[in-house]
Amino acid sequence: MRTYFITLKTQLKLSKMPEPKPFERLPQSIQPKHYDITLQPNLTKCIFKGWQTIDLEVKEPTAKVQLNTLDLTLSEVKLTLESGETITPLSTDISVPNETVSFTFDQTLPKGPAQLSMNFEGELNDKMKGFYRSNYTSVSGEERYTAVTQFEATDARRCFPCWDEPAHKATFNITLIVPKDRVALSNMPEVSSKPYEGDETLQVVKFAKSPLMSTYLVAVVVGEYDYVEDTSSDGVKVRVYTPVGKSDQGSFALEVATKVLPYYKDYFQIAYPLPKIDLIAIADFSVGAMENWGLVTYRETCLLVDPHNTSASQKQWIALVVGHELAHQWFGNLVTMEWWTHLWLNEGYASFVEFLCVDHLFPEYDIWTQFVTDTYICALGLDSLKNSHPIEVPVGHPSEVDEIFDDISYSKGASVIRMLHQYLGDKDFRLGMHNYLTQHSYANTFTEDLWAALGKASKKPVGKVMRTWTKQTGFPMITVASHQDGDNRVLTLTQQRFLADGSSGDSSQWMVPLSFSTSKDPSKTVMELILDAESTHVTLDGVTPGIWVKVNPGTIGYYRTRYPPELLEQFIPAIRSKTLPPLDRLGLLDDLFAMVQAGHTSTVEVLKLLEAFMDEDNYTVWSEIHHCIAKLNQLISNTDYHPLFAAFVRRLFSKIGDKLGWEAKAGESHLHTLLRELVLTQRGLYGDKEVVEEAKRRLDRHISGAATLPADLRSPVYKTVVALNDHKTYDQMVKLYRAADLHEEKDRISRSLGATKDPNLIQRVLEFAMSDDVRNQDTVFVIISVAMTCPGRSAAWAFFKAHHQQLVDRYEGGYLIARLVKYITENFASEEMATEVESFFSEKQIPGTDRTSQQSLETIRLNTAWLKRDKEAIKKYLQTCAEKSN
């Protein structure tokens, strides 16, 4: 194989990020100590009222009390001083932009304790934030509502006025006045329940006092639920709450949770600090799950397992999500970041630890190999943009917080912690974690506190190394040069920032943990060192000509590696024979693909490398191949030779497809099940005639009731047949959707509808996404599914432009809107579309999408440059491949 370098780089236009909104944190002059809160939701009128008393500590004399509130009506505000004197505010000033209320008194409050009390009222909104309503159909067929909370990041203030910042920790007593036939839950165990005076249909439920915690972790759920229960080996009562009549669907999550708690207790050497933990499935939920202390809320698809209808991939996902949220009970809840700038301390760490625990519970998942494709590579993709951001990103106004719940905070955070874990070794890493959690229990921390604990445990310069990874944007590309010195190999290794446009970037440097393996023993690391300068030389003794050297074995270091053509050529036989380990096979492919996108290498070279994987049998390597194919497909869909590419993909997947077939083999592995689903989906969507015909046959039998499709085959079958653009099939799929009782099945069907390329059907799918048939939490993902094809992309963008205000009103900004903007825009590949997208977002100013829209603009222009650079070479290569196969 021969690679060549393009020295003329296309410089991309970089849009300027909007200026941060003016913002000041709450004054430190007053600290809340304890909240005594009573809430009374009305599940018919969808409103709530509440009253609370807050114990305060006045730290500095002041005449003003400022706290957060939003969308609440306040009354009966009074403040009681330590002397017993009660005073009322002289004025009350509510700032909607700042989401605060300021009470000004006619006297200066002295230092010392005080009590602030008030009543408040609000709406159980339909925005999936704050205290909101979630609709469901009861066993009797009646539409009813659950009242549920979702407070992270800054929405506790929508439920009760509070000091809604992570560092203002306090204890909480929660009381709920609710219908007596409803389940009432909060963070702590129930301590009493009695009838409500004056209304025998209501009950008053009191919960135990919580430990010190941040407001975003307070939780309340009121609704109709069944549950399954067990006690973990370390004595914690665990319940999984499910919709009525579906308690059996909570059994898998219960099994995982009861095993995870003692695993984490052993790993951290700290017991779970609450007497119970509840995991509950919520019908309408904006994110996947939320780690509220003692009451973890989940989307139904992230918690419930139906043995007959849940796919292997979904079951694996549920195990990871449960592991992630329970990790937060220590890392995030017991010890909390001081401010949202340090969000990654919560999310990056939990995203790493979830893999630790799932690997412990389910070694057959080979989950650490999957980490690279699911987490590490996602992070590198976003982090190669000029519009990326550091792991520690300055955050001010609440509207900025949602945008950092992204692949940098989660996936890059997890990836650099994985690299750090390897650098320190498990023993020192665990000791450092234990010391960190012990020293800062029930308190707040900065990133530096974690580095200090790990550095002390390992006696390594953790802070010095890791600051280079968390405080600056991006990551390095390690360029390798090589020559022989007798029987020894001398490598010259040079670092520079890797940028997706191929430009040289800035002068950023990292302290990079480097490691090496050779073909003598591909599973063994032969040398490790820290690259702390721009360049260094390394001598590997006994590495004679013909022996390959792999940088970054295991794909653990968070960087790209750029090999010269002659070194890359040496890996091809090891890829074909699979003597190169799976993580290294996929790492090589992903690094080369990144070089292609950046213009360092021709796309033809990656197409040639893909053909070396024809005999591949590892699921995760095929996942990476699929990742590359999907990116190429989005690019080539903008050309007139896409059929040539489809033929290339069919040939690539044919051998593994024929080997796997349609039917599960007796005793086959979990990973083979995942691989079959992946391969059938690709063969079907790229038009393999045999797969298409078999998919049609199986769907007909499934719809008629003659033979139910196994859960693992449904997604590939649905997408394959929908892609045939048949109106009758579309109607049948919508009918299946409406009849489905499991939310996972509804997701599978609705997200397959976007596979159609028929203009009329595309419009029907988009209208369906906004209809009452689809829950608000799912609308975004149905629209995204449409945007994954070339005709669908343009239609989804036009639809978004026409309905953006309706979508903004529905979600009030936030995570879902940002995700939608990313996926409906980033796959365009022309300057014309870049200009159109840029103009739209500069005019509309959609909340919570500033950073995302800039990243999409950069990606569109990258695609434009890539297509212009390689369009003809790709076409010529695909034509040659087609001629050879005929």
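Residues numbered from 1 in each chain as written. Predicted model: local features only at pLDDT ≥ 70, side-chain atom pairs only at ≥ 80, totals over all residues. Heavy atoms only, no water.

K.L.:
I'm lost on the overall build of the chain in this one. Help?
P.N.:
Along its length, the chain carries 25 helices and 29 strands. In terms of overall size, the chain behaves like a compact globule, its C-alpha atoms giving a radius of gyration of 28 Å where 886 residues would be expected to give roughly 29 Å. Along the three orthogonal principal directions, the C-alpha set of the chain runs to about 90 × 65 × 55 Å. The buried share of the chain, taken over its 886 residues, is 62%. Counting only contacts in the chain whose residues sit at least 6 apart along the sequence, the fraction spanning at least 24 positions is 72%. When the accessible surface of the chain is split by element, carbon and sulfur atoms take 49% of a total near 33,000 Å². (Helix = DSSP H or I, 4+ residues; strand = E, 2+ residues; numbered from the N terminus. Rg over C-alpha atoms; globule rule 2.2 N^0.38 Å. Buried < 20%, exposed > 50% of the residue type's maximum accessible area, 1.4 Å probe, protein only. Contact = heavy atoms within 4.5 Å. Areas by Shrake-Rupley, 256 points an atom, 1.4 Å probe, with all protein chains shown as cover.)

K.L.:
Sorry, what's going on with the pattern of salt bridges here?
P.N.:
When charged atoms on two side chains of opposite charge get close, those side chains can pair. One pass over the full model with this rule turns up 49 salt bridges. The closest approach of N and O atoms between arginine 430 and aspartate 426, which form a salt bridge, is 3.7 Å. A residue pair is termed a helical-turn pair when its members lie 3 or 4 positions apart in one helix, as arginine 430 and aspartate 426 do in helix H7 (residues 426-439) at four residues. Under the relative-accessibility criterion, arginine 430 is labelled partly exposed at 25%. In this structure aspartate 426 comes out as partly exposed when scored by relative accessible area, which is 30%. When the shortest N-O distance is used, the salt bridge between lysine 822 and glutamate 826 registers 3.1 Å. (Salt bridge = Lys/Arg side-chain N within 4 Å of Asp/Glu carboxyl O.)

K.L.:
Which parts of the structure should I look at to understand the environment of glycine 502?
P.N.:
Residue placement: glycine 502 occurs in the loop between strand E24 (488-497) and strand E25 (512-518). The buried category is assigned to glycine 502, whose relative accessible area is 6%.

K.L.:
What am I meant to see in the packing of aromatic side chains here?
P.N.:
For any two aromatic rings, the description comes down to two numbers: the centre-to-centre distance and the angle of the planes. Across all of its chains, the model carries 48 aromatic pairs by this definition. Here the aromatic rings of phenylalanine 800 and phenylalanine 841 are separated by 6.3 Å at their centres, their planes lie at 35°, and the arrangement is tilted. Pair noted here: phenylalanine 800 is in helix H22 (residues 790-811) and phenylalanine 841 is in helix H24 (residues 831-844), with a separation of 41 residues, a long-range link. Above the plane of the ring of tyrosine 227 lies arginine 239, whose end atom (NZ or CZ) is 4.0 Å from the centre. (Phe/Tyr/Trp six-rings, centres within 6.5 Å; stacked < 30°, edge-to-face > 60°. Lys NZ or Arg CZ within 6 Å of the ring centre and 35° of its normal.)

K.L.:
Mind showing me how you'd approach the sheet that holds strand E13 (residues 190-196) here?
P.N.:
Each strand in a sheet pairs with another by means of backbone hydrogen bonds, the pair being arranged parallel or else antiparallel. Strand order in this open sheet of eight strands is E5-E4-E8-E2-E1-E11-E14-E13, and the pairing throughout is mixed. With one partner strand each, in any of the chains shown, strand E5 (86-87) and E13 form the two edges of the open sheet. Sheet topology note: the strand E4 (residues 73-81)/strand E8 (residues 112-123) ladder contains seven bridges and is antiparallel. Across the sheet, the residue bridging to leucine 79 is leucine 116, located in E8. (Pairing = 2+ DSSP bridges.)

K.L.:
How should the state of the cysteines be read in this particular structure?
P.N.:
Disulfide: a covalent bond connecting the sulfur atoms of a pair of cysteines. Here the structure, examined in full by the defined rule, presents zero disulfides. Here cysteine 46 stays free of any disulfide, with the sulfur of cysteine 159 as its closest cysteine sulfur at 15 Å. Overall, cysteine 46 belongs to the buried group, its relative accessible area being 9%. Summary of cysteine pairing: cysteine 357 is not part of a disulfide, and the nearest cysteine sulfur, belonging to cysteine 302, is at 15 Å. (Disulfide = S-S within 2.5 Å.)

K.L.:
Before we go on, may I ask you to explain the packing of helix H3 (residues 343-361) against helix H4 (residues 367-383) in this structure?
P.N.:
Each pair of packed helices can be summarised by the angle the axes make with each other and by the distance between the axes. Their axes nearest at 9 Å, the elements H3 and H4 cross at an angle of 150°. As judged from the angle between their axes, H3 and H4 are roughly antiparallel. At the point where H3 passes H4, the crossing takes the right-handed sense. Every residue of H4 that contacts H3 at Ser351, Phe352, Phe355, Leu356, Val358 and Asp359 is listed here: Ile367, Trp368, Phe371 and Thr375. Broken down by class, the residue content of the contact of H3 with H4 amounts to seven nonpolar, two polar and one charged. (Axes fitted to C-alpha atoms, helices over the stretch in contact; angles between N-to-C directions. Parallel < 35°, antiparallel > 145°, perpendicular 65-115°, else oblique. Left-handed = near helix turned anticlockwise from the far one by under 90°. Nonpolar A, V, L, I, M, F, W, Y, C, P; charged D, E, K, R; others polar.)

K.L.:
Looking at this structure, how should I read helix H9 (residues 462-470)?
P.N.:
Working note: α-helix, 3.6 residues per turn, so residues spaced by three or four point in the same direction. For H9, a buried count of seven out of nine residues is recorded, marking the element as mostly surrounded by other parts of the structure. Among the residues of H9, those classed as buried are Val462, Gly463, Val465, Met466, Thr468, Trp469 and Thr470.

K.L.:
I would appreciate a short explanation of the side chain of asparagine 444 in the present structure.
P.N.:
Of note, asparagine 444 is situated in strand E22 (residues 443-445). In this structure the side chain of asparagine 444 is engaged in a polar contact, spanning 3.0 Å, whose partner is the backbone oxygen of proline 166. Within the structure, the side chain of asparagine 444 is placed 3.2 Å from the backbone oxygen of methionine 337, a separation counted as a polar contact. (Polar contact = N/O pair within 3.5 Å; in protein donor to acceptor, adjacent residues only side chain to side chain.)

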